[in-house]
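Architecture at a glance
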Amino acid sequence: MSDAQAPARLWLVGAGNMGGAMLRRWVASGIASDRITVIDPGSPAVPEGVRVLAEAPDGDAPDILILAVKPQMIDAVAEAICSAEAAMLVSILAGVEVAALRSRFAARAIVRAMPNLSVAIGKGVVALHGDSEAPALRAAAEALMAPLGHVEWVEEALFDVVTALSGSGPGFTYRFIDALAKGGEALGLPTDQALRLARATVEGSAMLAAQADETPAILADRVASPGGSTREGLNVLDADAALVRLLTDTLAAATRRNAELAAAARS
Ligand SMILES: NC(=O)c1ccc[n+]([C@@H]2O[C@H](COP(=O)([O-])OP(=O)(O)OC[C@H]3O[C@@H](n4cnc5c(N)ncnc54)[C@H](O)[C@@H]3O)[C@@H](O)[C@H]2O)c1
């Protein structure tokens, strides 16, 4: 985002793992750090020039208010922050629905966003859902998220599963990289070499999958030379749809937890 398009004043409430990753990317992409205030009692490390406060200043409100605390903190934050004048509130709280935010915050528009950790390098995914169809507000939300990576609007009924797939997805992908390395190690590779090869293999495979016209299923077949060794390995992953079932169960467990967080925030 060019500095001219940037919001006049942006408050980030919570700059932990995800809020901090978004913050660093925003500053790296050109938002002037002196427009950003972080409100976080944990004294997080922030880019130079970003103001950090332990509490929101009394009677003040920003143009864009971003909530990046744990979902369980929503009531404490709602009590502490005056959102009445904010043009837009953006919440990244897993599970917490727009209606639950609307019942606690008075910002003019509310947008739910689900980023993932790859926003740190501008290669994240950000799902959005808002309570306003106003083109200017939607454009402002998209412009804010664009430096973070791929942005898509999603209907709210699908937000919990999107959170499981793309929000938690980096966690599942890191487990896969780790498991690939551990498999190589179990079969005799030195630990550091196995990890190095697994990381580089997943990096190249992901980049090719992102650029290719073919689906990942076709690309997998391209790796499997007829009568060769990859097919033997794929047969293990494909037997009784083992990998698909494992990942469906994985996403279902995460989706259920998001639904529990949603229910807790409704009450
Ligand atoms: N970590 C991820 O990959 C990820 C991805 C998408 C969405 N999220 C969402 O982001 C939110 C934060 O997750 P996280 O992993 O960054 O957690 P985290 O624990 O790393 O960060 C939370 C931050 O909130 C601060 N905080 C605590 N109480 C506060 C208060 N009253 N006011 C202001 N700040 C306060 C903490 O000091 C900490 O820096 C969650 O709602 C989560 O669902 C996380």
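Every residue gets a number counted from 1 within its own chain, in the order that chain's sequence is written. The predicted nature of this model means local features are confined to residues of pLDDT at least 70 and side-chain atom pairs, given and counted, to a pLDDT of 80 or more, with totals for whole chains, interfaces and linings taken over all residues. Side-chain measures here rest on the full set of heavy atoms in the structure, leaving out hydrogens and waters.

1. Re the packing of helix α5 (residues 159-167) against helix α6 (residues 169-186)
The cut-off we apply is this: In this analysis, axes come from line fits to C-alpha atoms, helices being fitted only over the stretch in contact, and the angle between any two N-to-C directions falls in the range 0 to 180 degrees. Think of it this way: any DSSP run of H or I at least four residues long counts as a helix, any run of E at least two long counts as a strand, and we number them from the N terminus. Contact definition: two residues touch when any of their heavy atoms are within 4.5 Å. All amino acids are sorted into three groups, where Ala, Val, Leu, Ile, Met, Phe, Trp, Tyr, Cys and Pro are nonpolar, Asp, Glu, Lys and Arg are charged, and the leftover types, Gly among them, are polar.
With their axes 5 Å apart at the nearest point, α5 and α6 run at an angle of 35° to one another. Contacts from A164, L165, S166 and G167 of α5 reach α6 at G169, P170 and F172. Of the residues that constitute the contact of α5 with α6, the class distribution is four nonpolar, three polar and no charged.

2. Section: the UniProt feature "domain: Pyrroline-5-carboxylate reductase catalytic N-terminal" (unreviewed entry) in the protein chain
Selection rule: UniProt positions are given in the numbering used here, feature names are shortened, and annotations may be inferred rather than shown by experiment.
Taking the UniProt record as the reference, the feature "domain: Pyrroline-5-carboxylate reductase catalytic N-terminal" (unreviewed entry) is found at residues 12-95. Note that residues 12-95 is 23% helix and 20% strand, and that its end C-alpha atoms are spaced 19 Å apart.

3. Some words on the site of the ligand
Counted only if it meets this: Residues are labelled near a given molecule or strand when at least one of their non-hydrogen atoms is within 4 Å of it. Two N or O atoms count as a polar contact when they lie within 3.5 Å, although within protein this holds only if one can serve as hydrogen donor and the other as acceptor, and sequence-adjacent residues are included solely when both atoms are side-chain atoms. Accessible surface is estimated by sampling points in the Shrake-Rupley manner with a 1.4 Å probe; for residues, cover comes only from the protein chains shown.
Around the ligand, a shell composed of 20 residues is seen, among which N17, M18, D40, V69 and A94 lie nearest. One nitrogen or oxygen atom from the main chain of G16 is found 3.4 Å from an oxygen atom belonging to the ligand. Backbone polar atom of M18 to an oxygen atom of the ligand: 2.9 Å apart, as the coordinates give it. Starting from 830 Å² of accessible surface for the ligand in isolation, the protein chains cover 74%.

4. Quick look at the environment of A28
Relative to the helices and strands, A28 is located in helix α1 (residues 17-28). Along the backbone, A28 and A120 are 92 residues apart, and their C-alpha atoms lie at a distance of 9.7 Å.

5. Considerations on the nonpolar core
Applicable threshold: Residue types Ala, Val, Leu, Ile, Met, Phe, Trp, Tyr and Cys, when buried and joined through side-chain atoms within 4.5 Å, form a set referred to as a nonpolar core. In this scheme, a residue with accessible area under 20% of its type's maximum is buried, one over 50% is exposed, and one in between is partly exposed, where area comes from a 1.4 Å probe on protein chains only.
By size, the foremost hydrophobic cluster in this structure holds 27 residues, and its most contacted members are M22, W26, I66, V90, L144 and M145. Sort the elements by how many residues they give to this core and α1 lands first, with five residues. Leave out the neighbours within four places in its chain, and V90 touches I64, L65, I66, L67, V111, A113, L144 and M145. Grouped together as the second largest cluster of nonpolar side chains are 21 residues, A78, I81, I110 and A265 included.

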